[in-house]
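Letter by letter, the chains look like this.
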Amino acid sequence: MEGPGARAAEALRDALAAVRGARSLAGLREAEIAALGRKAPLSLLKRQLGSAPPADRPGMGRILNEAREAIEAALSARREELEATEESAALEAERVDVTLPGRSRLPGSPHPIALMLERLCEVFAGLGYRVAEGPEVETDWYNFESLNMPPDHPARSMWDTLYVDPSGGRDATLLRTHTSPVQIRTMLAQPPPVFIVAPGRVYRRDAFDASHSPVFHQLEGLAVGRGITFGDLKGTLDAFAKAVFGPEAAVRLRPSYFPFTEPSAEVDVICVTCGGRGCAACGRSGWIEIMGAGMVHPNVLRAVGYNPERVSGFAFGMGVERIAMRAWEIPDIRMLFENDLRFLARFRG
Ligand code: PHE
């Protein structure tokens, strides 16, 4: 059977199939336009109604209206279904289980080096010292020459470093090998008396092993004024050792050499593990080396315009990692740089 009736029936079948088969609200809107829009077969048939034989028009009109009603009913039924599923999908996707345990934020804690630096600065603040700082990229003059190490001085090999600008000369830049340049910067900036400690990071051309790191921290001390003696140095170091390692701690000074101090000493603190009897921690010696020290060399005082006939002073420089390792029995310096949270959590408040 051909003709408008058959075409209307076919259009209705297609439209109902498209509406019922729509998988989303967007798909349903497309089906609606295809079924009822201006270009839909049913709309076309409706426009053609005027040119149909007058006797056929009422019957045809009724068929078209019924088809339209059937499609609209199917559309609203399908819309309800799809709205329900899309809503429950959205609810599912956005679901929050308020009964889940909360994600606790790991509280941070100061790094042991930061803790020890703070503690050391506090001890010296109590003795009347102020904290001074300087740059990590230094010039040759501040790191070596002003500290009584002219170019080609053999002692420079004790502090081999990384050069930022290897051209040479007093303004060549390098990574500072010690905090001693802060002595120079401070003395150039003020007249005596000077009482400072300088905490900070230093660099050396060293391999990374259990007791060495190419980057580490020092705390420098400098006291310059009238009549300051080696006895003052020893008393200061003794007070420092007792404050950090406990009232039983004692220090011992051994003759040594630094270009910027004369006389110079290596400073040992009594081993806290064995109380000086000798154990594995101190290599059986009973003592642990923690710093270098000495009386400020007259050439250093001259380099900053101080008069060595009128003022004298002492200086010391300690390795902060070494002291932290002693104080907290840390067996390997690398643990201080690996940022393993299991290790760092030991130092939480
Ligand atoms: N600057 C020396 C070093 O890094 C330590 C030191 C400081 C020694 C001050 C004496 C006086 O080895």
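Residues numbered from 1 in each chain as written. Predicted model: local features only at pLDDT ≥ 70, side-chain atom pairs only at ≥ 80, totals over all residues. Heavy atoms only, no water.

Q: What should I look at first to understand the domain arrangement of the protein chain in this one?
A: Often, the extent of an interface is quoted as the loss of accessible area upon association of its parts. Domain annotation of the protein chain identifies domain 1 (2-93) and domain 2 (112-347). In this structure, domain 1 and domain 2 have C-alpha centres spaced 90 Å apart. (Domains from an automatic or database assignment.)

Q: Whenever I open this one, helix H5 (residues 112-126) confuses me. Can you help?
A: Residues spaced three or four apart along an α-helix face the same direction, because each turn holds 3.6 residues. The end-to-end C-alpha distance of H5 is 21 Å, a good match for the 21 Å that 15 residues give at a rise of 1.5 Å each. Of all the residues in H5, the buried ones are Pro112, Ile113, Met116, Leu117, Leu120, Cys121, Val123 and Phe124. The arc that holds the buried residues of H5, viewed along the axis, is 165 degrees, so those residues lie on one side. The outward face of H5, more than 90 degrees from its buried face, is lined by the exposed residues Glu122 and Gly126. Looking one or two places after H5, you find Gly128, whose phi comes out positive at around 95 degrees. (Helix = DSSP H or I, 4+ residues; strand = E, 2+ residues; numbered from the N terminus. Expected span 1.5 Å × (residues − 1). Buried < 20%, exposed > 50% of the residue type's maximum accessible area, 1.4 Å probe, protein only. Arc of directions from axis to C-beta.)

Q: What's the story with the sheet that holds strand S8 (residues 287-296) in this structure? I'm lost.
A: Whenever strands of a sheet pair, they do so through backbone hydrogen bonds, lying parallel or antiparallel. Taken together, seven strands build an open sheet; the order of strands is S1-S4-S5-S9-S8-S7-S6 and the sheet is mixed. Every interior strand has two partners, whereas the edge strands, strand S1 (130-131) and strand S6 (251-258), have only one. Judged from the two bridges that link them, S1 and strand S4 (residues 194-203) form a sheet pairing that is parallel. When the bridges of S4 are listed, Arg130 appears paired with Ile196. Contacts from helix H8 (residues 230-245) reach S6, strand S7 (261-270), S8 and strand S9 (312-319), with the element oriented near 145 degrees to S8. Against the sheet, helix H10 (residues 320-328) contacts strand S5 (215-225), S8 and S9, and its axis sits at roughly 60 degrees relative to S9. (Pairing = 2+ DSSP bridges. Contact = heavy atoms within 4.5 Å. Axes fitted to C-alpha atoms, helices over the stretch in contact; angles between N-to-C directions.)

Q: Looking at this structure, how should I read helix H3 (residues 41-48)?
A: What H3 keeps buried is the set Leu42, Ser43 and Leu45. Looking straight down H3, one finds its buried side chains confined to an arc of 160 degrees; they lie on one side. Packing partners of the buried residues in H3 comprise helix H1 (4-21), helix H2 (25-36) and helix H4 (57-93).

Q: What am I meant to see in the packing of aromatic side chains here?
A: Two aromatic rings are characterised by how far apart their centres lie and by the angle between their planes. In this structure the tally under the stated criterion is 11 aromatic pairs. Each ring, one from Trp328 and one from Phe347, has its centre 5.1 Å from the other, and the planes form 65 degrees; the classification is edge-to-face. With a gap of 19 residues between them, Trp328 in helix H10 and Phe347 in the segment after helix H11 (341-344) connect regions that are remote in the sequence. Residue class for Phe347 comes out buried when judged on its relative accessible area of 9%. Three or more aromatic residues link up through ring pairs in this structure, and these residues are Phe124, Tyr129, Phe195, Phe240, Phe314 and Phe316. (Phe/Tyr/Trp six-rings, centres within 6.5 Å; stacked < 30°, edge-to-face > 60°.)

Q: Looking at this structure, how should I read unusual backbone geometry?
A: Excluding glycine, residues mostly have negative phi values, and the peptide bonds linking residues are mostly trans. With an omega of 5 degrees, the peptide bond between Pro192 and Pro193 qualifies as cis. Examined against the element boundaries, Pro193 turns out to sit in the loop between helix H7 (181-189) and S4. Even without being glycine, Arg284 reaches a positive phi, approximately 70 degrees. Secondary-structure assignment places Arg284 in the loop between S7 and S8. Phi angles above zero are rare outside glycine, and Glu329 is one such case at about 50 degrees. Tracing the backbone through its elements, the reader meets Glu329 in the loop between H10 and H11.

Q: When you look at the nonpolar core in this model, what are you seeing that I'm missing?
A: Generally speaking, a soluble globular protein has its nonpolar side chains buried in company with each other. Grouped together as the largest cluster of nonpolar side chains are 44 residues, with contacts concentrated most on Leu219, Phe240, Phe316 and Met318. Looking at which element gives the most residues to this core, the answer is H5, with seven residues. Within the second largest apolar cluster, 26 residues are counted, among which are Trp141, Ala155, Val182 and Val311. (Core = buried A, V, L, I, M, F, W, Y, C linked by side-chain atoms within 4.5 Å.)

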